[in-house]
Amino acid sequence: EILPVIQSGSAMEYALSTSIKKLVAVDKPIVGFIQGHDEATLNSMNQLAQQLSVLYTLEPINMTDSTDLTKYKTIALIRPQDSIPEMHLNMLDKYLSQGGNLLISFDRVEADFQSIMGRSKTTGLETWLNNKGINVADAMITDASCGSISVQQNNGFMRFNTQVRFPYLPIVNNFANHPITSGLEAIALQFASPLIFSGDTTIKYTPLLRAGKKCNAVPMPTRFDIEKQWTDSDFPQSDLAIGGIFSGKFIG
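Residues numbered from 1 in each chain as written. Predicted model: local features only at pLDDT ≥ 70, side-chain atom pairs only at ≥ 80, totals over all residues. Heavy atoms only, no water.

Go over the overall build of the protein chain, please, and point to the residues and values.
For the protein chain, the helix and strand inventory stands at four helices and 17 strands. Its C-alpha atoms give the protein chain principal-axis dimensions of about 65 × 50 × 35 Å. Taken over 252 residues, the protein chain has a buried fraction of 37%. Partitioning the intrachain contacts of the protein chain with sequence separation of at least 6 by distance along the chain shows that 69% fall at a separation of at least 24. Looking at the protein chain, you have 20 positive and 24 negative side-chain charges, and the mean spots of the two groups are 3 Å apart. (Helix = DSSP H or I, 4+ residues; strand = E, 2+ residues; numbered from the N terminus. Buried < 20%, exposed > 50% of the residue type's maximum accessible area, 1.4 Å probe, protein only. Contact = heavy atoms within 4.5 Å. Lys, Arg positive; Asp, Glu negative; His and termini not counted. Charge placed at Lys NZ, Arg CZ, Asp CG, Glu CD.)

What follows is the structure, given as structure tokens:
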């Protein structure tokens, strides 16, 4: 196993231990990635797949009534675009009741720059999660700490692109003290939604990442005003949760 050149200040211990693990790991736990509802494929997440494959065996899952989910240590459901049948959600309920781990990353809202609108997106996951006390709100987070978009402007016969601040693209640097987020400095998100937990104390909830001290939740639908001059009064909220971990007995 060939190690690349290790630069000063790099994670040398991680590089060494990872390489050793690649050589000695035999029975790797299996992580399944659900397909069939226009989810992100492993090929579209090549860097992620390469990193995970050091410690895990990765498999796509096309769910049928005969699919056995019990062999998977964790199941990932990433960016579904189509509606998810109730049968598949019931299978995930059964998997959770048997002690399975489930990662869900999905869009509750979407942006249409043809109509310059933000609107709701439904796949069935939002209702399924809400029944467990997990509400991914039908809203877009705006944040004073944000990215920019390129906007074309005309000046006489000249046309040029200008970078315009766009609070619907939050830059998040408010992370929990947790192994999952350890070492992260900042991440840029596109059209995130607030995460609200209303379940009981049998479920442990750990918010992993939050919007900044100046943020807001804009209900859907909304029209994007590219020329809007944003002020502090547009960000009356703070620390809105965007993602988290839920552990406990959801079912059974």
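Still more ground to cover, so stick around.
A description of the layout of surface pockets should follow, citing residues and the corresponding values.
Volume-wise, the second largest pocket comes out at about 190 Å³. Every residue along the wall of the second largest pocket is listed here: E1, I2, L3, P4, Y14, A15, T18, S19, K22, Q50, Q51 and V54. Counting residues per element, the ones that place at least two in the lining of the second largest pocket are α1 (12–24) and α2 (46–52). By residue number, the principal contributor to the lining of the second largest pocket is α1, which donates five residues. (1 Å grid on protein atoms, 1.4 Å probe; cavity = no way out; pocket = protein on both sides within 12 Å on 5 of 7 lines; lining within 4 Å. Points joined across faces, edges and corners; volume = space filled by probe spheres on them.)

So what about the sheet that holds strand β12 (residues 187–188)? Which residues, and what values?
Taking strand neighbours across the sheet as the criterion, the three strands line up as β9-β10-β12 in an open arrangement whose pairing is antiparallel. Sheet topology places β9 (146–155) and β12 at the edges, where each strand pairs with a single neighbour. (Pairing = 2+ DSSP bridges.)

Any details on the pairing of strand β5 (residues 109–112)? Residues and values, ideally.
The pairing of β5 with strand β6 (residues 117–120) spans four bridges and is antiparallel. Paired with E110 across the bridge in β6 is R119.

Could you give an account of the confidence of the model for the protein chain, naming the residues involved and the relevant values?
With 99% of its residues at a pLDDT of 70 or more, the protein chain has an overall mean of 92. Averaged over each element, pLDDT in the protein chain is lowest for α1 (81) and highest for strand β8 (residues 139–143) (98). (pLDDT = per-residue confidence, 0-100.)

Would you mind going over the side chain of D234 in detail, with residue names and values included?
Mapped onto the elements, D234 comes out in the loop between β16 (222–223) and β17 (241–248). The exposure class assigned to D234 is buried, which follows from its relative accessible area of 19%. Within the structure, the side chain of D234 is placed 3.4 Å from the side chain of K228, a separation counted as a polar contact. Within the structure, the side chain of D234 is placed 2.9 Å from the backbone nitrogen of T231, a separation counted as a polar contact. Look past the residues within four positions of D234 in its chain and what remains in contact with it is T142, N216, K228 and Q229. (Polar contact = N/O pair within 3.5 Å; in protein donor to acceptor, adjacent residues only side chain to side chain.)

Which residues make up helix α3 (residues 86–97), and what are the values?
Helix length check: α3 (12 residues) gives 16 Å between terminal C-alpha atoms against 16 Å at 1.5 Å per residue, within 8%. Listing the buried residues of α3 in full gives H88, L89, M91, L92, D93, Y95 and L96. Summarising the contacts, the buried residues of α3 are in contact with β1 (30–35), β3 (72–78), β4 (101–105) and α4 (125–130). Phi turns positive one or two residues past the end of α3, at G99, with a value near 95°. (Expected span 1.5 Å × (residues − 1).)

How would you summarise the sheet that holds strand β11 (residues 174–175) if you had to cite specific residues and measurements?
Taken in spatial order, the three strands make up an open sheet running β11-β14-β17, and their pairing is antiparallel. Strands with a single pairing partner mark the edges of an open sheet, and in this sheet they are β11 and β17. Note: β11 against strand β14 (residues 203–210), two bridges, orientation antiparallel. Pairing of F175 across the sheet is with L209, part of β14.

Give a detailed account of the environment of P60, specifying residues and quantitative values.
Within the secondary structure layout, P60 lies in strand β2 (residues 57–62). P60 sits 28 residues away from G32 along the chain, and the two C-alpha atoms are 5.5 Å apart. For P60, the contacting residues outside a window of four places in its chain are F33, Q35, L42 and Y72.

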